[in-house]
Amino acid sequence: MEQQKLIPASNVTAETIAAAAKKYPTPFYLYDESLIRDRCKELRDMPNAFGLKVRYGMKANSSKALLKIIANEGLGIDAASLNEAKRAMMAGFGAEEILLTTQEVPIGEDRRDLEDMMRGGLNYNVCSLRQLELVADFAGKNKIPLSMRVHPGVGSGASSTRNTGDKYSCFGVHLSVVKEAMDMAKEKGLVLKRVHVHIGSGGDPKVWKDNIDRELSYLEQYFPGAETINFGGGFKERRMPEEERADIKALGQYAKERIEGFFKRTGRKLFMEIEPGTFVVAMAGFLVTRVLDKKNTGSDGFQFLVVDGGMETNTRPLLYGSRHPMFVVSTEGTLLSGEYGDGPAKKPFVVVGRCCESGDALTLDDEGKIVERNMAEPQFDDYLVLGGCGAYCSSMTPFNYNSHTQIPEVLQRANGDLVLIRKAQSLAQVTQNELSI
Ligand SMILES: *Cc1c(COP(=O)(O)O)cnc(C)c1O
């Protein structure tokens, strides 16, 4: 296989995996700095009419070193909680670089913190009538403009749990009450300068385009003072070779034409924002595990590979039936089989983790049933590597289940150096807040 690269766009090779695993014990996440920078550039270059801001959807991966790289690339932040906004600031983002879009409501201590951050320039995206009520007097008195997330009644996502725009989810102010919200805003003298819609993750580009048209029409109907239109994230990545990634150029071209058309019709020049999470980091991340054991379940059963990182390191297969490319790498750093090219003879295996949970498998379908994947048969101690693990793996897993500890994160710098960016959690850290009776 050419250069032993695991995936075509990445700089991570089978040799990188073996070298990293010599330095840091498995399991760990390994990130490719160059790939993150390439994706940031591709997004910044998205065609647009009157300016573009790319906000990184940091819930995809909130690791400080990665946030610093993304800040250095000039992206802003989409934060999903007040704590995420605080972490972005700890990583060096200014408050004014952050748009906070959350289900939380600002009460108690959170409210004081939110007000301080809004005075410092944080953009608050109102997602419900209650949020609007709670923030209205403060924003009105301090003349702080607000944003509003509209629930469009139509969504798209790679699975029902990732669709955020249909009637089964409650993100944003539903279109049916936007008028009521705007009446309240008017009464309080509020300025709504940004309209926002995020319809879901990994969905159909056609639905993403339709959303542009719908969002422009609500903006025209309800938001006379809006200057910015935010189309959310949800750009699909190509994790498996047969998948297609979102065409950022084509989507940008479409948005540009629609925003220009809107200007011709209304005389209003809208600034555009997007909020990719997955697209920035997904393909830059690898989960490096080691093969601990092999078992089988009889002549009508399966061949199982037990690895040292399962659902507590990557929950996406269990949660969504997601498929990640799998690579078998020998301890010497030879790629024994990959997903992006023909390897030697492959055999069907089921890959499971160490948790006492039948769903702790990395090869599941979208109904949670075990499925086989073809790969070279590894030796004990060989590495089983999963690609496409930069987004919603480290940031989303139930890592202390079975008293496992949160695994470390390693970064391959642009010059090839391997550096530790997050230490392994210790068992003492897992239990440190427990009190005796
Ligand atoms: C999750 C989320 C994003 C990022 O979604 P991706 O599918 O990772 O691109 C952007 N905006 C909002 C409001 C989100 O909730």
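Sequence positions are assigned chain by chain, starting from 1 and proceeding in written order. Residues qualify for local features only when their pLDDT is at least 70, as the model is predicted, and side-chain atom pairs are given and counted only at 80 or more; totals for whole chains, interfaces and linings, by contrast, use all residues. Side-chain figures throughout are based on the complete set of non-hydrogen atoms in the structure, without hydrogens or water.

(A) Spotlight on the pattern of salt bridges. Salt bridge, as used here, is a side-chain nitrogen of Lys or Arg placed within 4 Å of a carboxyl oxygen of Asp or Glu. Scanning the model with the defined rule gives 29 salt bridges in all. The partner of Glu73 in a salt bridge is Arg44, with the nearest N and O atoms 2.7 Å apart. Note that Glu73 is positioned in the loop between helix H3 (64-72) and strand E3 (76-79) and Arg44 in helix H2 (residues 33-44), a separation of 29 residues in sequence. Exposure categories follow from relative accessible area, calculated using a 1.4 Å probe and restricted to protein chains: below 20% of the type maximum is buried, above 50% is exposed, and the middle band is partly exposed. Overall, the relative accessible area of 14% leaves Glu73 in the buried class. Put simply, DSSP H or I for four residues or longer makes a helix, DSSP E for two residues or longer makes a strand, and each gets a number counted from the N terminus.

(B) Region of the structure containing the environment of Tyr31. Following the sequence through the fold, Tyr31 ends up in strand E1 (residues 28-32). Tyr31 sits 19 residues away from Val12 along the chain, and the two C-alpha atoms are 8.6 Å apart. Working rule for contacts: check all heavy atoms of both residues, and any pair within 4.5 Å makes them a contact. Ignoring anything within four residues of it in the chain, the contact list for Tyr31 reads Asn61, Leu66, Ala284, Gly285, Cys389, Gly390, Ser394, Glu409, Val410, Leu411, Gln412 and Ile421. Here the side chain of Tyr31 touches Asn61 through a polar contact of 3.1 Å, side chain to side chain. In protein, a polar contact means a hydrogen-donor-capable atom and an acceptor-capable atom, both N or O and within 3.5 Å, with residues adjacent in sequence counting only if both atoms are side-chain atoms; elsewhere, any N or O pair within 3.5 Å suffices.

(C) A look at the packing of aromatic side chains. Ring pairs shown here join Phe, Tyr and Trp side chains whose ring centres sit within 6.5 Å, with only the six-membered ring taken for Trp; geometry is labelled stacked below 30 degrees between planes, edge-to-face above 60, and tilted in between. This model, assessed by the stated rule, comprises six aromatic pairs. Three or more aromatic residues joined by ring pairs form one cluster here, namely Trp208, Phe231, Phe235 and Phe279. For Arg39, the ring lying beneath its charged end belongs to Phe279, and the centroid distance is 5.6 Å. A ring is scored as having a charge over it whenever the NZ atom of a lysine or the CZ atom of an arginine sits within 6 Å of its centre and within 35 degrees of its normal. Here the basic side chain of Lys294 rests over the ring of Phe380, its NZ or CZ set 5.3 Å away from the ring centre.

(D) Fine view of the site of the ligand. Close to the ligand lie 13 residues; Lys59, Ser201, Glu275, Thr278 and Tyr392 are nearest. Note that an oxygen atom of the ligand is positioned 2.8 Å from one of the backbone N or O atoms of Gly234. The contact in question runs from an oxygen atom of the ligand to an N or O atom on the backbone of Thr278, over 2.8 Å. Relative to its unbound accessible area of 390 Å², the ligand is 94% covered by the protein chains. Residue proximity to a molecule or strand is established when one non-hydrogen atom of the residue lies within 4 Å of it. Surface exposure here means Shrake-Rupley accessible area, sampled with a 1.4 Å probe, where a residue is shielded only by the protein chains that are shown.

(E) View of the state of the cysteines. Throughout, disulfides are identified as pairs of cysteine sulfur atoms within 2.5 Å of each other. For the structure on display, the rule yields zero disulfides. With no disulfide partner, Cys356 has as its closest neighbouring cysteine sulfur the one in Cys355, 8.6 Å distant. Its relative accessible area of 67% is what places Cys356 among the exposed residues. Free of any disulfide, Cys389 has its nearest cysteine sulfur in Cys393, 3.9 Å distant. In this structure Cys389 comes out as buried when scored by relative accessible area, which is 0%.

(F) Representation of the nonpolar core within the structure. Take the buried residues of types Ala, Val, Leu, Ile, Met, Phe, Trp, Tyr and Cys, join any two whose side-chain atoms come within 4.5 Å, and each joined set is a nonpolar core. If you look at the biggest cluster of nonpolar residues, it comprises 118 residues, and the most contacted ones within it are Tyr56, Leu146 and Phe223. Counting residues per element, this core draws most heavily on helix H8 (residues 205-222), at seven residues. Setting aside anything within four residues of it in sequence, one finds Phe223 in contact with Met148, Val150, Val178, Met182, Leu192, Val195, Tyr218 and Arg268. Val306, Val352, Ala361 and Leu364 belong to the second largest nonpolar core, which has six residues in total.

(G) Representation of the side chain of Arg39. Here Arg39 lies in helix H2. The class for Arg39 is buried, based on a relative accessible area of 8%. Of the polar contacts made by the side chain of Arg39, one reaches the side chain of Glu237; its length is 2.7 Å. Discounting chain neighbours no more than four positions away, the residues touching Arg39 are Glu237, Arg245, Phe279, Val280 and Met283.

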